[in-house]
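Residue-level structural notes
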Amino acid sequence: MTLQRSGGAAAFSASAEAYAATMAPALRPVAREVIRRAELRAGETVLDIGTGTGTAAGLATGDGRRVVGLDAAAGMLQIARREVPEVEFVEADFTDLPLADGSIQVVVAVHALLFADDCVATLAEWRRVVAPGGRISLSVPGPGTVVPAVVLHGVYDRYDITWGDDYPTEGELAGWAEAAGWEGIQTAADPTIAISLADADQFRSWLRVGSRGRASADWSAERRAQFALDLMNATPRTADGAYRLPFGALYLSGRRSL
Ligand SMILES: C[S@@+](CC[C@H](N)C(=O)[O-])C[C@H]1O[C@@H](n2cnc3c(N)ncnc32)[C@H](O)[C@@H]1O
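So, a few notes on the structure that sits alongside this text. (Residues numbered from 1 in each chain as written. Predicted model: local features only at pLDDT ≥ 70, side-chain atom pairs only at ≥ 80, totals over all residues.)

A tally of regular secondary structure across the protein gives ten helices and nine strands. Here the protein has a C-alpha radius of gyration of 18 Å; the compact-globule value for 258 residues is 18 Å, and the two agree. For the C-alpha atoms alone, the extent of the protein along its principal axes is close to 55 × 40 × 35 Å. Taking all 258 residues of the protein together, 44% fall into the buried category. The contacts in the protein between residues at least 6 apart in sequence include a share of 76% that link residues at least 24 apart. (Helix = DSSP H or I, 4+ residues; strand = E, 2+ residues; numbered from the N terminus. Rg over C-alpha atoms; globule rule 2.2 N^0.38 Å. Buried ≥ 20, exposed ≤ 12 C-beta atoms within 10 Å, placed from the backbone. Contact = placed C-beta atoms within 7 Å.)

With that out of the way, let us pick up the site of the ligand. Neighbouring residues of the ligand: 24 residues in total, closest G50, G52, A72, A73 and V110. The element best represented in the shell around the ligand is helix α2 (residues 16-38), accounting for four residues. For the shell around the ligand, a count of residues per class yields 14 nonpolar, eight polar and two charged. (Near = placed C-beta within 6 Å. Nonpolar A, V, L, I, M, F, W, Y, C, P; charged D, E, K, R; others polar.)

Now for the sheet that holds strand β5 (residues 130-140). The strands making up a sheet associate through hydrogen bonds between their backbones, and the pairing can be parallel or antiparallel. Across the sheet, seven strands lie side by side as β3-β2-β1-β4-β5-β9-β6; this open sheet has mixed pairing. At either end of the open sheet lies a strand with only one pairing partner, and these are β3 (88-91) and β6 (183-190). Averaged over all pairs of adjacent strands, the angle between strand axes in this sheet comes to 15°, irrespective of strand direction. Docked against the sheet, helix α7 (residues 170-179) engages β5, β6 and β9 (249-255), running at close to 155° with respect to β6. (Pairing = 2+ DSSP bridges. Axes fitted to C-alpha atoms, helices over the stretch in contact; angles between N-to-C directions.)

Let's shift gears to the nonpolar core. Counting residues in hydrophobic clusters, the biggest one holds 74 residues, and the most contacted among them are V34, V107 and V108. Per-element tally for this core: the top contributor is α2, with twelve residues. Aside from chain neighbours lying at most four places away, what touches V34 is A56, V108, V110, S137, L138, S139 and Y251. (Core = buried A, V, L, I, M, F, W, Y, C linked by C-beta atoms within 7 Å.)

With that out of the way, let us pick up unusual backbone geometry. A negative phi angle is the norm for most residues apart from glycine, just as the trans form is the norm for most peptide bonds. Cis geometry marks the peptide bond from G142 to P143, where omega comes out at 0°. With respect to the helices, strands and loops of the structure, P143 is situated in the loop between β5 and α6 (148-158). For D63, which is not a glycine, the phi torsion comes out positive at approximately 50°. Among the structural elements, D63 can be located in the loop between α3 (55-60) and β2 (66-71). On the basis of neighbour counts, which here come to 10 C-beta atoms within 10 Å, the residue D63 falls in the exposed class. Non-glycine residue D160 carries a positive phi angle of around 65°. Relative to the elements of secondary structure, D160 occurs in the loop between α6 and α7. Among the residues examined, D160 registers 8 C-beta atoms within 10 Å and is labelled exposed.

Orientation of α2 relative to helix α8 (residues 200-207), taken along the N-to-C sense of each, is 120°, at an axis distance of 8 Å. When the interaxial angle is binned, α2 and α8 end up oblique. Like other packed secondary-structure pairs, α2 and α8 cross with a definite hand, here left-handed. Of α8, the residues touching α2 (which contributes A18, A21 and T22) are Q202, S205 and W206. In the contact of α2 with α8, the residues fall into three nonpolar, three polar and no charged. (Parallel < 35°, antiparallel > 145°, perpendicular 65-115°, else oblique. Left-handed = near helix turned anticlockwise from the far one by under 90°.)

Moving on, we come to helix α5 (residues 119-128). Regarding α5, the residues found buried are C119, T122, L123, W126 and R127. Projection of α5 onto a plane perpendicular to its axis shows the buried side chains occupying an angular sector of 145°, all on one side. On its buried face, α5 sits against β1 (45-49), β4 (104-110), β5 and α7. (Arc of directions from axis to C-beta.)

Laid out in structure tokens, this is it:
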């Protein structure tokens, strides 16, 4: 079974509480950087695509901006509405946005793009709803040498699970955006971003997030428990005993020309 992306938004919906407890805090610094790179101005309309539990959307509010968070996972949006009540949330597929051409100024997306089957077509759809002169700022996991798959590869292989190794390089990411019509593209990489899981319970919770839970769904309880233990034993730990899974972030920003 190949893990990366399988299950998509439905898998996130079913594991939303586990996501909020593990991944959402890990991605908060990434969301902060995505918002910083978006260079938001007063009064703009901002769309946070694949908003999840609404972190970037919440960070984008202020200065009279209208912020909309969009996600296909109802379970994630339920938490987002609770966490960030000042944001408007829309349940929709990000490959077919329910928005008019040129109706917003800025698109932001934190670790969401790689769930698209066709990243160029998806970036073109995101560009469609941005007004001329508007901007995009996003992140994806990477570079491919630091994602959790690298640390956990041996264990996944032993259990016959393929993570999927198609993380883009900075150049490939920029190429997709360019092919989708974005201009002024700039990229950056931060390999230090990591998921910190305080203890074994948090680690098991993280294992349920998104498509990860699907790999072991029909295993016996014993096999699942052994799999989790093997993964934990393969994961580096910090001095305070927390598990630390390298995740990384590639950033991209660009604009739609006038
Ligand atoms: C790794 S999470 C990131 C969530 C959030 N941006 C954050 O920083 O915590 C990816 C999100 O993309 C959403 N997603 C995946 N495929 C989608 C699609 N086709 N349309 C809309 N949302 C999608 C998932 O439901 C999930 O909430």
